[in-house]
Amino acid sequence: LVGYAINGSIITGSSVSGSVLGSLANVGGLVGKSEGSYISDSHSTASVEGRKQVGGLVGLNLYGAITGSHATGSITISTPTAGGLPIDLGGLVGNNDNGSITDSFSTGSIVAETANNVGGLVGVNKSDSSVSRSYATGDVLGKDFVGGLVGADLFNTTIENAYALGRVQLVA
């Protein structure tokens, strides 16, 4: 729907279906990169494929807020077109950096056998970010830092009233 939402953009009551294919970074079912934006009551059923910062709803949530939203599509990594390890894949958000996620969920599976920071809801949650009253139910497959809810949680974050139900599998 939106490649780059910036500086106070508001996306509400919106939805996407089908598939989204990105060859590199900031790939999301609804928004590729959300910077300082507000997303509410929105959802994506799209399958999403990318390399870095890939999410069922948002690829990169930077200083943004997501509330009452969900994603149900599957997440996979794309065939390498440039160097670098696949990283930051999440059922809802790939990279939540100084962002907030509230009352949201994801149900899609993630198949990323060569990727790091892979989570059922969020790939990496970092730098004063928060996740609250949210959950993930999809199965997750990744290489390193793999979690049912969050793959990696770094630098003064908060996770509260959240849970995951999917199967988690690490690939050696």
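For the structure, check the block above.
These notes cover the structure that comes with them.

Rules used throughout
- All residue numbers refer to positions counted from 1 along the written sequence of the respective chain.
- The model is predicted, so local features are restricted to residues of pLDDT at least 70 and side-chain atom pairs to those at 80 or more, both for listing and for counting; the totals for chains, interfaces and linings are taken over all residues.
- To get the side-chain values, take all heavy atoms of the structure and skip hydrogens and water.
- Counting from the N terminus, the helices are DSSP H or I runs at least four residues long and the strands are E runs at least two residues long.
- The buried label applies to any residue whose accessible area, calculated with a 1.4 Å probe on protein chains only, is under 20% of its type's maximum; exposed applies above 50%, and partly exposed to all values in between.
- Throughout, a contact is declared for two residues whenever any of their heavy atoms are within 4.5 Å.
- Per-residue accessibility takes into account occlusion by the displayed protein chains alone, with areas from the Shrake-Rupley method and a 1.4 Å probe.
- For the purpose of charge, His is not counted, nor are the chain termini; Lys and Arg are scored as positive and Asp and Glu as negative.
- Charge coordinates come from a single atom per side chain, which is NZ of Lys, CZ of Arg, CG of Asp or CD of Glu.
- The pairing criterion is simple: DSSP has to find at least two bridges between the two strands.
- Side-chain atoms within 4.5 Å link the members of a nonpolar core, which is a set of buried Ala, Val, Leu, Ile, Met, Phe, Trp, Tyr and Cys residues.
- Angles here are taken between N-to-C directions and fall from 0 to 180 degrees, while the axes themselves are lines fitted to C-alpha atoms, restricted in helices to the stretch in contact.

1. Section: the overall build of the chain
Part 1: When you go through the chain residue by residue, the secondary structure sums to 0 helices and 27 strands.
Part 2: In terms of overall dimensions, the chain has C-alpha extents of about 40 × 35 × 25 Å along its principal axes.
Part 3: When each of the 172 residues of the chain is scored for burial, the buried share is 50%.
Part 4: Long-range contacts, defined as pairs at least 24 residues apart, comprise 79% of the intrachain contacts of the chain with a sequence gap of at least 6.
Part 5: Element-wise, carbon and sulfur atoms account for 50% of the exposed surface of the chain, whose accessible area totals about 6,900 Å².
Part 6: Each charge class in the chain was averaged separately, 7 positive and 12 negative side chains, and the resulting centres sit 7 Å apart.

2. Structural notes on the sheet that holds strand β3 (residues 15–16)
Part 1: Read across the sheet, 6 strands follow the order β3-β8-β13-β18-β22-β26 without closing on themselves; strand pairing throughout is parallel. Two strands in the sheet have a free side with no partner beyond their single neighbour: β3 and β26 (163–164).
Part 2: Pairing analysis gives 2 bridges linking strand β8 (residues 43–44) to strand β13 (residues 70–71), with the strands arranged parallel. Paired with Ser 44 across the strands is Ala 71, a residue of β13.

3. Section: the environment of Thr 67
Part 1: Considering the arrangement of structural elements, one finds Thr 67 in strand β12 (residues 65–67).
Part 2: C-alpha of Thr 67 to C-alpha of Ser 134: the two residues are 67 residues apart in sequence and 9.4 Å apart in space.
Part 3: Ignoring anything within four residues of it in the chain, the contact list for Thr 67 reads Tyr 38, Ile 39, Ser 40, Asp 41, Thr 102, Asp 103 and Ser 104.

4. Some remarks on the nonpolar core
Part 1: Among the nonpolar cores identified, the biggest contains 20 residues, and Ile 39 and Leu 57 are the most heavily contacted of them.
Part 2: Setting aside chain neighbours within four positions, we find Ile 39 in contact with Ile 11, Leu 30, Val 31, Ser 34, Leu 57, Val 58, Ala 65, Ile 66, Thr 67 and Ser 69.

5. Quick notes on the sheet that holds strand β20 (residues 122–126)
Part 1: The 6 strands lie next to each other as β1-β6-β11-β16-β20-β24, forming an open sheet whose pairing is parallel. In the strand order of this sheet, the two ends are held by β1 (2–6) and β24 (150–154), each with one partner. Taken over all neighbouring pairs, the strand axes of this sheet differ in orientation by 5 degrees on average, direction set aside.
Part 2: Sheet topology note: the strand β6 (residues 31–35)/strand β11 (residues 58–62) ladder contains 4 bridges and is parallel.

6. Some points on unusual backbone geometry
Part 1: In the Ramachandran plot, Asp 41 falls in the positive-phi region, its phi being about 45 degrees despite a non-glycine side chain.
Part 2: Structurally, Asp 41 can be placed in the loop between β7 (38–40) and β8.
Part 3: Located in the positive-phi region is Arg 133, a residue other than glycine, with phi close to 45 degrees.
Part 4: Checked against the element boundaries, Arg 133 lands in the loop between β21 (130–132) and β22 (135–136).
Part 5: Take Arg 133: its relative accessible area is 47%, and that puts it in the partly exposed class.

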